[in-house]
Amino acid sequence: MKIWLDGGLQDTESARVSVFDHGLTVGDGIFETVKTVNGRPFALTRHLDRLARSARGLGLPEPDADEVRHACAAVLESNPVPLGRLRVTYTGGHGPLGSDRGDHGPTLVVALDGTTRRPDSTAVITVPWTRNERGALTGLKTTSYAENVVALARAREQGASEALFGNTVGRLCEGTGSNVFVVLDGEIHTPPVASGCLAGITRALAVEWTGAAETDLPMDVLQRADEIFLTSTLRDVQAVHRVDDRELPGAPGPVTAKAMRIFDEHATADLDP
């Protein structure tokens, strides 16, 4: 496999990032995960726009979009896979061991891995930890992901593929790497960005294509919703058949199944919506 590192393709076995890279030492970095289909990225423009927003929010120099596109194309051409996970990582670069940034400039890495289509439904749990809807990193897709690692490990221990967070005021927020939607009386709802959730690319497309409402939701909505589904780059739209100890038999339900169909149709018709 070939990856892109700071200006060119390199073999994964020989590619090296400094042990003093700020992305490693203090998590000073951002990233995007892009689905690829037969060597072509899905919604790349939206992902690059969010990468730029995250860079501005973190105070990093804005990445060169043309360079990132070129790097993505080079990696995809060098590593043909039918369905892939393209990861763009952009860090503060070589820096001191403390929180101050160095002056060496940022690090750009683009890597690709093959993947498989997710199941139509999955199990999720809720966790006792909260998202801070007023934090400095709220809404930014940063490499400071340890909280998600811990929560996802808890989910795996309980036979689930995702963990859902509330925010500091007890409202439903998001998953470790997904956005959450609920169906109430036939209508689709998802927490607003003000809840502290990431403005997911798939979330935005699902809202646009299904007419879902952005609604401030209490955590207990998960115990009474008619249907629940997740969205993310690699899940697309995925039904939930269990949340904690509550079973949702027949998932995907009719509204979720329609949302899945609508998403697949639109995404197939336009790879860069």
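Residues numbered from 1 in each chain as written. Predicted model: local features only at pLDDT ≥ 70, side-chain atom pairs only at ≥ 80, totals over all residues. Heavy atoms only, no water.

1. Topic: the pattern of salt bridges
One side chain can pair with another of opposite charge once the charged atoms of both are near each other. Just so we agree on the cut-off: A side-chain nitrogen of Lys or Arg and a carboxyl oxygen of Asp or Glu constitute a salt bridge if their distance falls within 4 Å. Secondary structure is summarised from DSSP: a helix means a run of H or I of at least four residues, a strand means a run of E of at least two, and numbering begins at the N terminus for each. We call a residue buried when its accessible area falls under 20% of the maximum for its residue type, exposed when it is over 50%, and partly exposed in between, using a 1.4 Å probe and counting protein chains only.
Going through the model one piece at a time under the given rule, you end up with 13 salt bridges. Residue E208 is joined to R46 by a salt bridge in which the shortest nitrogen-to-oxygen separation is 3.2 Å. Residue E208 is located in helix 5 (residues 201-210), and its partner R46 is located in helix 2 (residues 44-58); the two are separated by 162 residues in the primary sequence. The partner of E147 in a salt bridge is R131, and the shortest N-O contact between them spans 2.7 Å. Remark: R131 occurs in strand 7 (residues 121-131) and E147 occurs in helix 4 (residues 146-157); sequence separation between them is 16 residues. The exposure class of E147 is partly exposed, given its relative accessible area of 39%.

2. Description of a nonpolar patch on the surface
Keep this limit in mind: Residues enter patches when they are more than 30% accessible in relative terms and free of salt bridges; like-charged ones are connected within 9 Å and nonpolar ones (Val, Leu, Ile, Met, Phe, Trp, Tyr) within 5 Å. Methods summary: accessible areas were calculated by the Shrake-Rupley approach with a probe of 1.4 Å, and residue burial reflects only the protein chains presented.
On the surface, V19, F20, L24 and L97 cluster together into a nonpolar patch covering about 430 Å² of accessible area. Here L97 shows up in the loop between strand 5 (83-91) and strand 6 (107-114).

3. A closer look at the packing of aromatic side chains
Remark: the centre distance and the inter-plane angle together describe each pair of aromatic rings, the angle taken between the planes. Defined as follows: In this analysis, rings of Phe, Tyr and Trp, with Trp reduced to its six-membered ring, are considered paired at centre separations within 6.5 Å, and the interplanar angle assigns stacked below 30 degrees, edge-to-face beyond 60, and tilted for intermediate values.
In the structure shown here, the tally under the stated rule is four aromatic pairs. Taking the centre distance of 6.3 Å and the plane angle of 65 degrees together, the rings of F42 and F263 count as edge-to-face. Linking F42 in the loop between strand 4 (40-41) and helix 2 with F263 in helix 6 (residues 254-269), this pair joins segments that are 221 residues apart in sequence. Residue F42 is classed as buried on the basis of its relative accessible area of 5%.

4. Re empty space enclosed by the protein
This is how the line gets drawn: For each structure, a 1 Å grid was placed over the protein atoms alone; sets of points admitting a 1.4 Å probe that cannot get out are labelled cavities, open sets with protein on both sides within 12 Å along at least five of seven lines are labelled pockets, and lining residues have an atom within 4 Å of a point. Grid points are joined across faces, edges and corners, and a volume is the space filled by probe spheres set on the points. Classes in brief: Ala, Val, Leu, Ile, Met, Phe, Trp, Tyr, Cys and Pro nonpolar; Asp, Glu, Lys and Arg charged; the others, Gly included, polar.
Inspection of every chain in the model, using the stated rule, returns one cavity of 30 Å³ or more. Computed from the structure, the largest cavity encloses a volume of approximately 40 Å³. If you trace the largest cavity, you find it lined by K35, F42, H47, I201, T202, T233, D236 and F263. Of the residues assigned to the lining of the largest cavity, the class counts are three nonpolar, three polar and two charged.

5. A closer look at a negative patch on the surface
The cut-off we apply is this: His is not counted, nor are the chain ends; Lys and Arg add positive charge and Asp and Glu add negative charge. Charge positions come from single atoms, namely NZ of Lys, CZ of Arg, CG of Asp or CD of Glu.
Among the surface-exposed residues, D6, D64, D66 and E67 lie close enough to one another that they form a single negatively charged patch. Among the secondary structure elements, D64 is positioned in the loop between helix 2 and helix 3 (65-78). Overall, the relative accessible area of 44% leaves D64 in the partly exposed class.

6. Things to note about the packing of helix 2 against helix 3
The relative placement of two packed helices comes down to the angle between their axes together with the axis-to-axis distance. To be explicit about the condition: With axes taken as lines fitted to C-alpha atoms, and helix axes fitted only over the stretch in contact, angles between N-to-C directions fall between 0 and 180 degrees. Every angle not falling under 35 degrees, over 145, or within 65 to 115 is termed oblique; those three ranges are roughly parallel, roughly antiparallel and roughly perpendicular. Throughout, a crossing is termed right-handed when the near helix is turned clockwise from the far one, and left-handed when it is turned anticlockwise from it by less than a right angle. Contact criterion: two residues are considered in contact whenever any of their non-hydrogen atoms come within 4.5 Å of each other.
Helix 3 packs onto helix 2 with a crossing angle of 130 degrees between their chain directions and a minimal axis gap of 11 Å. Here helix 2 lies oblique to helix 3, going by the angle between them. Where helix 2 crosses over helix 3, the two elements pack in a sense that is right-handed. Touching L44, T45 and L48 of helix 2 are A65, V68, R69 and C72, all from helix 3. Among the residues making up the contact of helix 2 with helix 3, the classes are represented as five nonpolar, one polar and one charged.

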